[in-house]
Amino acid sequence: MATESSAPLRVLSGIQPTGRFHWGNYFGAIRQYIELQSAGDAYYFIADLHALTTVREPARLRALVHDAAVDLVALGLDPDRATLFVQSDVPEVTELTWLLMTVTPMGLLERCHAYKDKKTRGVAADAGLFTYPVLMSADILAYDATVVPVGEDQVQHIEVCRDLAGTFNHLYGDVFILPRPRLVEAGARVPGTDGQKMSKSYDNTLDVFEDPAAQKKKIMRITTDSRPMDQPKDPLGDHLFDLFALVATDEEREAMADLYRRGGFGYGEVKKALVEAAARFFAGARARRAELERDPARIEAILAAGAARARAQAGAVLDRARRACGLARGASTAPPTAPRGHAAAQPGRTGPGATR
Ligand code: TYM
C-alpha cells in the first residue's frame, strides 16, 4: 500500500447552512478549503441534511443553502478547481449512512461531545441529532477522502468516521479509506465575543458578511477583564487579541502584542483597531458577494455541475460497499477494494502544507 505522503490528496469538507458564516467557520474551515483546492482533488458541500436537525422552515432552508453557496464563492472557493455541491443532491450518501449505521455501536454516539453538549443545554434530541456523526461519516467515506479540513470541534466526529470505516473494512474487506482531520493552529478554535468557542448556539459570533454597524456594536461589547489600564497584559489567551490577530497584518499583530505587554492602553483602542482591520480584511469578499448576489442562476449552475460530479464519485463508492456486504445480487462475489494509491492515513493535528 502507498505511504501517506505518496497518497493522492483527496480533500473533503462540509459546512451547515444554518445562518451566515461566522469567523470560526471562516478561519477554522473555509480558509483551509480555499488553500487546499489547488493542492489536490477537492470536494466541498453544504450540509443541508445536517441542517434539517435545526432548521424546520423549508423556504428558509432553501434560501440558506443558496446564500451559503454565494458566501463560499465570494470568499474564494473556485468551482473550476473544487467540486461545490449540496449534500442532499447526492442521495447515495444517505444509503451509505444506513450501511454504516448497522456497524455503529450506540455507545460511540452517546460519547460524542456535540450530542452531549446539546442534551446538557436541554435541546430535545431526536434520532437525527443522535446519528448525525454517522451521516457525517458517510459524507466523508463516499468520496474516498484522505484529508478533512475542519475546526477542532469536528475532530471527534472524524474519529468516529475512522472507527466505523475500520469496522466495516474488518467485516467486509478493504472498502473504505480512513481519512484524517486537518486543523490550522491559529483558527482551530476561534473564540467568540465572550471568550467561549465562537458558535451560533452561544450567540457570541462575529459574522463574515455582517452589516458593519451591527458588527461594530458587537465588537465594542466584547467582554474584557477589569484590570487597570496601565497594567501590562499578556496577549496570549486574551480573546480580544486573538480575534484581532486573525484579521490584522503581521506588523499590526506584533505592534498590538507590544502594546499589551507595555500596558497603558484601553481595550476600547484595541476594539477600534479590530473594527478597522476586520472591515479591511473582508472588503474584497464583500464586494464579490454583492456581485454574485445579482446572478442567482450562476450559483445554481455551479451547484448542479458540482452535484453531477459528486454523484459519480459517491455512486462508485456506494457500489463498492453494497457489493462488499452482500446487497448487490448477481454481482461478483469478490468485493472491490479501495483504489490503489490511497493510503489509510493517520490522524494528525496538521496536514500537508498546514498553515501557521
Ligand atoms: P459546522 O457547520 O458547525 O461548521 C463548519 C466548519 O466550521 C468549523 N468551526 C470552527 N472552527 C474554529 N473555531 C470555531 N469557533 C468554529 N466553529 C465552527 C467547524 O469545525 C467546521 O469545520 N458536522 C459539520 C458539517 C459536516 C461535515 C461533514 C464536516 C457535515 N458532514 C463531513 C466535515 C466532513 C458541522 O456541523 O460543521
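Residues numbered from 1 in each chain as written. Predicted model: local features only at pLDDT ≥ 70, side-chain atom pairs only at ≥ 80, totals over all residues. Heavy atoms only, no water.

Asker: I'm lost on the pairing of strand β3 (residues 82-86) in this one. Help?
Answerer: Each regular strand shows side chains that alternate between the opposite faces of the sheet. Counting buried residues along β3, five of its five residues qualify, which places the element largely inside the surrounding structure. Of the two faces of β3, the one lined by Ala82, Leu84 and Val86 and the one lined by Thr83 and Phe85 are each fully buried. As paired elements, strand β2 (residues 41-46) and β3 share five bridges and run parallel to each other. The residue of β3 that forms the bridge with alanine 42 is alanine 82. (Buried < 20%, exposed > 50% of the residue type's maximum accessible area, 1.4 Å probe, protein only. Helix = DSSP H or I, 4+ residues; strand = E, 2+ residues; numbered from the N terminus. Pairing = 2+ DSSP bridges.)

Asker: Would you mind going over the domain arrangement of the protein chain with me for this structure?
Answerer: One widely used convention gives an interface's size as the accessible area the parts lose upon coming together. Segmentation of the protein chain into domains returns domain 1 (4-189 + 295-325) and domain 2 (210-281). Computed from C-alpha atoms alone, the centre-to-centre distance between domain 1 and domain 2 is 34 Å. For the domain 1 face of the interface with domain 2, the top three residues by lost area are Trp23, Phe27 and Ala186, together amounting to 86%. Where domain 1 meets domain 2, there are zero salt bridges. (Domains from an automatic or database assignment. Buried area = accessible area lost by both parts, 1.4 Å probe. Salt bridge = Lys/Arg side-chain N within 4 Å of Asp/Glu carboxyl O.)

Asker: How do you make sense of the pairing of strand β1 (residues 10-15) when you look at a structure like this?
Answerer: Counted residue by residue, β1 has five buried out of six residues, so it is predominantly covered. By the bridge criterion, six bridges tie β1 to β2 in an arrangement that is parallel. What sits directly across from leucine 12, in β2, is tyrosine 43. Remark: the β1/helix α1 (residues 23-36)/β2 crossover connection has right-handed handedness. (Right-handed = clockwise from strand over helix to strand, strands pointing away.)

Asker: Honestly, unusual backbone geometry in this entry has me stumped. Any pointers?
Answerer: For residues other than glycine, phi is negative in most cases, and the peptide bonds are mostly trans. The phi torsion at aspartate 144 lies on the positive side, around 50°, for a residue other than glycine. Relative accessible area serves as the criterion here: at 3%, aspartate 144 is assigned to the buried category. The phi dihedral of aspartate 203 is positive, around 55°, even though this residue is not glycine. Looking at the secondary structure, you find aspartate 203 in the loop between β5 (180-182) and α10 (212-220).

Asker: Explain the environment of glutamine 231 here, please?
Answerer: Residue position: glutamine 231 is located in the loop between α10 and α11 (239-247). Assessed through its relative accessible area of 32%, glutamine 231 is described here as partly exposed. It is 8.6 Å that separates the C-alpha atoms of glutamine 231 and phenylalanine 265, two residues lying 34 residues apart in sequence. The residues contacting glutamine 231, other than those within four sequence positions of it, are Gly263 and Gly264. (Contact = heavy atoms within 4.5 Å.)

Asker: Explanation requested: the site of the ligand in the structure shown.
Answerer: Close to the ligand lie 28 residues; Gln16, Tyr132, Asp139, Asp153 and Val190 are nearest. In the model, a nitrogen atom of the ligand is placed 2.7 Å from a nitrogen or oxygen of the aspartate 139 side chain. When its residues are assigned to classes, the shell around the ligand shows 13 nonpolar, eleven polar and four charged. (Near = heavy atom within 4 Å. Polar contact = N/O pair within 3.5 Å; in protein donor to acceptor, adjacent residues only side chain to side chain. Nonpolar A, V, L, I, M, F, W, Y, C, P; charged D, E, K, R; others polar.)

Asker: It is not clear to me how the nonpolar core should be interpreted in this structure. Could you clarify?
Answerer: Note on soluble globular proteins: their nonpolar side chains tend to be buried together. Core analysis: the largest hydrophobic core is formed by 63 residues, its most contacted members being Trp23, Leu72, Leu243 and Leu274. Here this core spans two domains, since at least three of its residues come from each of domain 1 (4-189 + 295-325) and domain 2 (210-281). Apart from the residues within four sequence positions on either side, leucine 274 is in contact with Trp23, Ile219, Ile222, Leu240, Leu243, Phe244 and Val247. With 44 residues, the next largest nonpolar core counts Leu141, Tyr143, Val148 and Val160 among its residues. (Core = buried A, V, L, I, M, F, W, Y, C linked by side-chain atoms within 4.5 Å.)

Asker: Explanation requested: the packing of aromatic side chains in the structure shown.
Answerer: Aromatic ring pairs are described here by two measures, namely the spacing of the ring centres and the angle between the planes. Applying the stated criterion to the full structure yields 19 aromatic pairs. Judged by centre distance (4.6 Å) and plane angle (20°), the rings of tyrosine 33 and tyrosine 44 are stacked. Separated by eleven residues along the polypeptide, tyrosine 33 in helix α1 and tyrosine 44 in strand β2 bring together distant segments of the chain. Here the two residues tyrosine 33 and tyrosine 44 agree in accessibility, since each one is buried. Summarising the aromatic geometry, the rings of tyrosine 260 and phenylalanine 265 are spaced 4.9 Å apart at their centres and angled 40° between planes, so their arrangement reads as tilted. Through successive ring pairs, a cluster of aromatic residues spans Trp23, Tyr26, Phe27, Phe281 and Phe282. (Phe/Tyr/Trp six-rings, centres within 6.5 Å; stacked < 30°, edge-to-face > 60°.)

Asker: Just checking my understanding: could you explain the packing of helix α4 (residues 92-101) against helix α15 (residues 296-325) for this structure?
Answerer: A pair of packed helices can be characterised by two numbers: the angle between their axes and the separation between those axes. Put simply, α4 and α15 touch, their axes get as near as 9 Å, and they point 30° apart. Judged on the interaxial angle alone, α15 and α4 are roughly parallel. Classified by chirality, the crossing of α15 by α4 is left-handed. Contacts from Glu92, Glu95, Leu96 and Leu99 of α4 reach α15 at Arg311, Ala314, Gly315, Leu318, Ala321, Arg322 and Cys325. Tallied by class, residues from the contact of α4 with α15 come to six nonpolar, one polar and four charged. (Axes fitted to C-alpha atoms, helices over the stretch in contact; angles between N-to-C directions. Parallel < 35°, antiparallel > 145°, perpendicular 65-115°, else oblique. Left-handed = near helix turned anticlockwise from the far one by under 90°.)

Asker: Could you clarify how one ought to interpret the packing of α11 against helix α12 (residues 250-262) in this entry?
Answerer: Where α11 meets α12, the closest approach of the two axes is 9 Å, and the angle between their N-to-C directions is 160°. Put simply, α11 runs roughly antiparallel to α12. Crossing angle aside, the handedness with which α11 passes α12 is right-handed. Packed against α11, whose contacting residues are Leu240, Phe241, Phe244 and Ala245, the element α12 presents Glu252, Arg253, Met256, Ala257 and Tyr260 at the interface.

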